[in-house]
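# Topology and contacts: notes
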Amino acid sequence: MTEPTVDPAQALAELSRIRLDEISLDDMLDRVATLASRSVPGAREVSVTLVRGRTGWTAAFTGDLARELDERQYEQHRGPCLDASASGDTVSVPDMTVEQRWPQWAQRARAAGVGSSLSIGLPIQESVVGALNVYGGTVNAFDPPAIAVAEHFAAYAAVALANAHLYDSAATLAEQLREAMHSRAVIEQAKGIIMGERRCTPDEAFALLSKISQDTNRKVRDVAEALVARVVQRTRV
């Protein structure tokens, strides 16, 4: 069995110290995969599967072998990482040579030098689920204590990933709101300029912006920004 290079308790402590405002969701996923590969006894390679609806993808991996074995499952729409993602349970493949649930995938895993695997469900949020996938180089690479370590780690990882996902979603929403407010402010400035020059109403000013937008195949915001920029430039000359 491959011995861990990092004590599981230290790995969990490191994961808990990560500040979400200092790391992206992708970096968090990479950190989870790396820490798991170094702390779960018997682990050769590790990946993190995410599933939205019927679409699965490998969001982080420690080596190309893990990514390839994951992608084989996505292509076939079946496999341990997808079952674990859907159920939230632990799906163990102790011996690839006798695996009957996914024989084609198990054959490919054996050919690549993988003798066993663990996939542990990560219930991140309602619309996105996932699994922590641990691949072993030998048959029965994961004894009960190793499985317990992997499950304990996955439980902490699921919380960290859920928080990171929520933080990332909140940050994205905040940026979208800032962008929308900026667009509205620029459009209002452009309307004011047109109203001052043409002595028209706000609705008439916006209608003119919309017509220019359609005629030039540009967004209303871009038309407004160009108008405001021209006026600012004139005032500086």
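Below is a summary of the structure that appears in this document. (Residues numbered from 1 in each chain as written. Predicted model: local features only at pLDDT ≥ 70, side-chain atom pairs only at ≥ 80, totals over all residues. Heavy atoms only, no water.)

## A closer look at the nonpolar core
Under the convention used in this document: Buried Ala, Val, Leu, Ile, Met, Phe, Trp, Tyr and Cys residues form a nonpolar core when they are joined through side-chain atoms within 4.5 Å. The rule is simple: take the accessible area with a 1.4 Å probe, protein chains only, and divide by the maximum for that residue type; under 20% is buried, over 50% is exposed, in between is partly exposed. Helix numbering and strand numbering both begin at the N terminus, where a helix is a DSSP run of H or I of at least 4 residues and a strand a DSSP run of E of at least 2. By the convention used here, residues are in contact when the closest approach between their heavy atoms is within 4.5 Å.
In this structure, Leu 15, Val 32, Val 48, Leu 132, Val 134 and Phe 153 are the most contacted members of the largest nonpolar core, which totals 34 residues. Taken together, the elements giving at least two residues each to this core come down to helix H1 (8–16), helix H2 (25–39), strand E1 (45–52), strand E4 (116–122), strand E5 (128–136) and helix H6 (144–198). Per element, the largest residue contribution to this core is 9 residues, and it comes from H6. Those residues within four positions of Phe 153 in sequence are excluded, and the remaining contacts are Ala 11, Leu 12, Leu 15, Val 32, Leu 35, Ala 36, Ser 39 and Leu 132.

## Let's talk about the side chain of Ser 47
We apply this condition: In the analysis that follows, any N or O atom pair within 3.5 Å is treated as a polar contact, provided that within protein one partner can donate a hydrogen and the other can accept it, and provided that, for residues neighboring in sequence, both atoms belong to side chains.
Counting through the fold element by element, Ser 47 comes out in strand E1. Among the polar contacts made by the side chain of Ser 47, one reaches the side chain of Asp 70 at a distance of 2.5 Å. With near-sequence residues (within four places) excluded, Ser 47 lies in contact with Thr 58, Ala 60, Phe 61, Ala 66, Asp 70, Ala 131, Leu 132, Asn 133 and Tyr 135.

## Concerning the sheet that holds E4
Remark on secondary structure: sheet strands pair via backbone hydrogen bonds, oriented parallel or antiparallel. Keep this limit in mind: Paired strands, as defined in this entry, are two strands with at least two bridges between them according to DSSP. Every axis corresponds to a line fitted to the C-alpha atoms, with the helix fit spanning only the stretch in contact, and the corresponding angles, defined between N-to-C directions, vary from 0 to 180 degrees.
With respect to topology, 5 strands assemble into an open sheet ordered E2-E1-E5-E4-E3, the strand pairing being antiparallel. Because the sheet does not close on itself, it has two edges, and the strands there are strand E2 (55–61) and strand E3 (90–93). For this sheet the average axis-to-axis angle between neighbouring strands, irrespective of direction, equals 20°. Note: E1 against E2, 6 bridges, orientation antiparallel. In the strand pairing of E2, Val 48 is matched with Ala 60. Sheet contacts for helix H4 (residues 80–87): E1, E3, E4 and E5; angle to E5, the most-contacted strand, approximately 140°.

## Overview of the pairing of E3
Burial along E3 is one-sided: the face carrying Val 91 and Val 93 is buried and the face carrying Thr 90 and Ser 92 is not. In terms of strand pairing, E3 meets E4 through 4 bridges, oriented antiparallel. When the sheet's bridge partners are listed, Thr 90 is paired in E4 with Ile 120.

## Brief notes about the packing of aromatic side chains
What counts here: For Phe, Tyr and Trp, where Trp contributes only its six-membered ring, two rings pair if their centres lie within 6.5 Å, and the inter-plane angle classes them as stacked under 30 degrees, edge-to-face over 60, or tilted in between. The rule for a charge over a ring is simple: NZ of Lys or CZ of Arg within 6 Å of the ring centre, and within 35 degrees of the ring normal.
In this structure the tally under the stated criterion is 1 aromatic pair. Pairing Trp 105 with Tyr 135 gives two aromatic rings, centres 6.5 Å apart and planes at 50°, and the pair type is tilted. Placement of the pair is Trp 105 in helix H5 (residues 103–111) and Tyr 135 in strand E5, with a sequence separation of 30 residues. In this structure, Trp 105 and Tyr 135 share a single accessibility class: buried. When the ring centre of Phe 61 is taken as origin, the NZ or CZ atom of Arg 67, which lies over that ring, is 5.4 Å away.

## A few points about the packing of helix H3 (residues 64–76) against H5
Test applied: Throughout, the term roughly parallel applies to angles under 35 degrees, roughly antiparallel to angles over 145, roughly perpendicular to angles from 65 to 115, and oblique to all others. Less than a right angle of anticlockwise turn of the near helix away from the far helix marks a crossing as left-handed, whereas a clockwise turn marks it as right-handed.
Axis separation between H3 and H5 bottoms out at 10 Å; the angle between their running directions is 160°. Between H3 and H5, the interaxial angle falls into the category roughly antiparallel. Relative to H5, H3 is oriented so that their crossing is right-handed. Between H3 and H5, the residues in contact are Glu 68, Leu 69, Arg 72, Gln 73 and Gln 76 and Gln 104, Trp 105, Arg 108 and Ala 109, respectively.

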